[in-house]
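Remarks on the overall topology
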There are 2 protein chains.
Amino acid sequence: MINKLLAVSVVLALGGGIATEALAQVKPEVLVKQRQAKMILQGKYLGPIGGMLKGSIPYNADAVALNATFLENLSRMAWDGFDPSTSSVKSRAKPEIYKDTAKFKAAADTLEAEAAKLGAAARAKNEAGVRAAFGGVAKACGSCHDAFQEKL
Amino acid sequence: MINKLLAVSVVLALGGGIATEALAQVKPEVLVKQRQAKMILQGKYLGPIGGMLKGSIPYNADAVALNATFLENLSRMAWDGFDPSTSSVKSRAKPEIYKDTAKFKAAADTLEAEAAKLGAAARAKNEAGVRAAFGGVAKACGSCHDAFQEKL
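Presented here is an overview of the structure given in this document. Predicted model, so just to flag it, every value in this text is computed and none were measured.

**Description of helix 5 (residues 101-123) of chain A**
For helix 5 of chain A, built from 23 residues, the straight-helix expectation of 33 Å at 1.5 Å per residue is met to within 8% by its first-to-last C-alpha distance of 33 Å. Taken from the residues just after helix 5 of chain A, K125 of chain A is the one with a positive phi, measuring 55 degrees.

**A few points about the pattern of salt bridges**
Think of it this way: side chains of opposite charge can pair up when their charged atoms draw near. Inspection of every chain in the model, using the stated rule, returns 14 salt bridges over all chains. With a closest N to O distance of 4.0 Å, R131 of chain A and E127 of chain A form a salt bridge. With R131 of chain A and E127 of chain A both in helix 6 (residues 127-148) and four residues apart, the pair spans about one turn of that helix. According to the relative accessible area criterion, R131 of chain A is partly exposed, its value standing at 44%. Note that D109 of chain B and K105 of chain B form a salt bridge whose closest N and O atoms lie 2.9 Å from each other. Of the two residues, D109 of chain B and K105 of chain B are both situated in helix 5 (residues 101-123); the distance of four residues between them amounts to about one turn of the helix. Owing to a relative accessible area of 46%, K105 of chain B belongs among the partly exposed residues under this scheme.

Rules behind the numbers
Residues numbered from 1 in each chain as written. Chains lettered and ligands numbered in written order. Predicted model: local features only at pLDDT ≥ 70, side-chain atom pairs only at ≥ 80, totals over all residues. Heavy atoms only, no water. Helix = DSSP H or I, 4+ residues; strand = E, 2+ residues; numbered from the N terminus. Expected span 1.5 Å × (residues − 1). Salt bridge = Lys/Arg side-chain N within 4 Å of Asp/Glu carboxyl O. Buried < 20%, exposed > 50% of the residue type's maximum accessible area, 1.4 Å probe, protein only.

Below you can see the structure in the form of structure tokens.
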């Protein structure tokens, strides 16, 4: 049952300097919690899409569009939290994040680009496109985690 | 410095039944963590807008548009986590959430509507509109917390 239609149309400008001004006021422990919150919510919205593609949940194109759009937004929410001030806060973030910053930035950009592809395919109700883009997102998650996240 | 332009255009359909199917597989403790993650990220993106409106951070219309759009998405991410199965998990959620469901749903709808107004004003680079809508969002947060969230 569809009970609400919401149109969100956005042209966003992301500036490197914007985040920094706000960051100066935020404690490293808070930045880490915010990063972790983003990861938790990505899991929330990625999981059901995976379940639908595997067939363990019935495929619902509206749900996929919603989840993928949330993911597209979430994919952009953690990077400014990987501030060098957080390097001594306990987390699964590897020190390589603050050493190989170009590689980390590239991994971040890859996730954002793949999540944007998934969002576009999902909103177009293109199931084959969703399937292809989901693989790209999963690969982006995995390769970044392999390089920059401690194993549990 | 603007280093990226991203266009996200969305028409979303939210279905009551969609969430329920996915929820059946999620443990109550996980639902609570996901709700809390959403609250943490709302704070992240609401705070800087408040700081800019107060003048403690220079006003940056691009940053406000980005933050407000993230908030508009985040405002819709927690409600399905307030499942009755979570009522025994320790959190600040009051039992009234599961008793007065109509009032809670109205509070949720109010936040979503106010966040959508803030997003629209921010993307239109309408600072006066942002100021007015920010008040609406803050009021929606506060009145819902007063009714449904235990004090710290």
